[in-house]
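Survey of secondary and tertiary structure
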Amino acid sequence: MVESVVKNWQGEEVGQTSFELRVAKEETAAHIVHRALVRQMTNSRQGTVSTKTRSEVRGGGRKPWRQKGTGRARAGSIRSPLWRGGGVIFGPKPRDFNIKLNRKERRLALRTAFVSRAEDLIVVEEFSNELQRPKTKELVAALARWGAVPEQKTLLILSEIAENVNLSARNVENLKVIAADQLNVFDLLHAGKIVVTSSALTKIQEVYSA
């Protein structure tokens, strides 16, 4: 059971909230979170880089000079890997980097990563109605009142991303906004502070508790 205070738009404490998520055992928690993090970062690789071998490089069909008598080293093709413009030895080829991780393991890693950041968690009331129009300065000021300074990387988790909030946040350098049902291990671990609304916290428990 994790307990946290709830803050309003002005940064005042207006209540208490608690949540409970099933996490991994202490001796295996770091391992499962690490596996999930490696999977996410590896699966984000496109794997489209490609180099040409000596058989794929254009030209080089004719022997550059005769085998003996020239005083130069013997050569069979101008597209040898030893030559400038030649093929590449053991160069990268398109490949699939995807790593498989069971769905239950992924969910367990997410819950464990989220609960591990309990000390850096800031729970706030729903504030989309406070922004009548997109205003970056007002959102940054609110984050500062909550305890998330602009110099620190902040993850803002919302149950639903309102347009005014999205437009207000998209130009803030160290702020990232995600929906409660789109959590990922990298963002949870990378952020210095995690700001989550009460409704988003409820949705996280609904989505990830099963």
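Residues numbered from 1 in each chain as written. Predicted model: local features only at pLDDT ≥ 70, side-chain atom pairs only at ≥ 80, totals over all residues. Heavy atoms only, no water.

If you look the chain up in an unreviewed UniProt entry, it shows as Large ribosomal subunit protein uL4 from Sphaerospermopsis kisseleviana CS-549. Of the chain, the UniProt comment under Subunit (unreviewed entry) reads exactly: "Part of the 50S ribosomal subunit." The UniProt entry for the chain carries this comment under Sequence similarities (unreviewed entry): "Belongs to the universal ribosomal protein uL4 family." (UniProt positions renumbered as here; feature names shortened; annotations may be inferred.)

1. Considerations on the overall build of the chain
For the chain, the helix and strand inventory stands at six helices and six strands. In the chain, the succession of helices and strands from N to C terminus is β-β-α-α-β-α-β-α-β-α-β-α. In terms of overall size, the chain is more extended than a compact globule, its C-alpha atoms giving a radius of gyration of 27 Å where 210 residues would be expected to give roughly 17 Å. With the principal axes as the frame, the chain shows a C-alpha extent of 95 × 40 × 25 Å. Within the chain, the proportion of its 210 residues that are buried is 37%. Long-range pairs, those at least 24 residues apart, make up 70% of the contacts in the chain between residues at least 6 apart in sequence. Surface exposure of the chain reaches about 13300 Å², of which carbon and sulfur atoms provide 48%. Averaged over its 35 positive side-chain charges, the chain has a centre that lies 24 Å from the centre of its 22 negative ones. (Helix = DSSP H or I, 4+ residues; strand = E, 2+ residues; numbered from the N terminus. Rg over C-alpha atoms; globule rule 2.2 N^0.38 Å. Buried < 20%, exposed > 50% of the residue type's maximum accessible area, 1.4 Å probe, protein only. Contact = heavy atoms within 4.5 Å. Areas by Shrake-Rupley, 256 points an atom, 1.4 Å probe, with all protein chains shown as cover. Lys, Arg positive; Asp, Glu negative; His and termini not counted. Charge placed at Lys NZ, Arg CZ, Asp CG, Glu CD.)

2. Here we look at the side chain of Lys7
If you trace the backbone, Lys7 turns up in strand S1 (residues 2-7). It is Glu13 that comes nearest to the buried, bridge-free Lys7 among opposite-charge side chains, at 5.6 Å. In contact with Lys7, other than residues within four places in its own chain, are Glu12, Glu13, Val14, Ile122, Val123, Val124, Glu125 and Trp146. (Salt bridge = Lys/Arg side-chain N within 4 Å of Asp/Glu carboxyl O.)

3. Notes on the nonpolar core
Judged by nonpolar contacts, the single largest core of 32 residues is most densely connected at Phe114, Ile157, Leu188, Val196 and Ile204. For this core, the secondary-structure elements that each account for two or more residues are S1, helix H1 (26-43), helix H2 (103-116), strand S3 (121-124), strand S4 (154-158), helix H5 (185-190), strand S6 (193-197) and helix H6 (198-208). Excluding its chain neighbours within four sequence positions, the residues that come into contact with Ile204 are Leu21, Phe114, Ile157, Ala180, Leu183, Val196 and Ser209. Counting residues in hydrophobic clusters, the runner-up holds 18 residues, among them Leu139, Leu158, Ala169 and Leu175. (Core = buried A, V, L, I, M, F, W, Y, C linked by side-chain atoms within 4.5 Å.)

4. A few points about the pairing of S6
Of all five residues in S6, four are buried, a share of seventy percent or more. The pairing of S3 with S6 spans four bridges and is parallel. Residue pairing across strands places Leu121 opposite Ile194, the latter belonging to S6. Summarising the sheet, S4 and S6 pair through four bridges and their orientation is parallel. (Pairing = 2+ DSSP bridges.)

5. Some words on unusual backbone geometry
Even without being a glycine, Phe90 presents a positive backbone phi close to 55 degrees. Its location among the elements puts Phe90 in the loop between H1 and H2. With relative accessibility at 83%, the residue Phe90 sits in the exposed group.

6. Comments concerning the pattern of salt bridges
Inspection of every chain in the model, using the stated rule, returns five salt bridges. The partner of Asp120 in a salt bridge is Lys193, with the nearest N and O atoms 3.9 Å apart. Of this pair, Asp120 sits in the loop between H2 and S3 while Lys193 is found in strand S6, placing the two residues 73 residues apart along the sequence. A salt bridge links Asp187 to Lys176, with the nearest nitrogen and oxygen atoms 2.8 Å apart. Pair noted here: Asp187 is in helix H5 and Lys176 is in strand S5 (residues 175-179), with a separation of eleven residues, a long-range link. Using a relative accessible area of 8% as the deciding quantity, one classes Asp187 as buried. By relative accessible area, which is 39% here, Lys176 ends up partly exposed.

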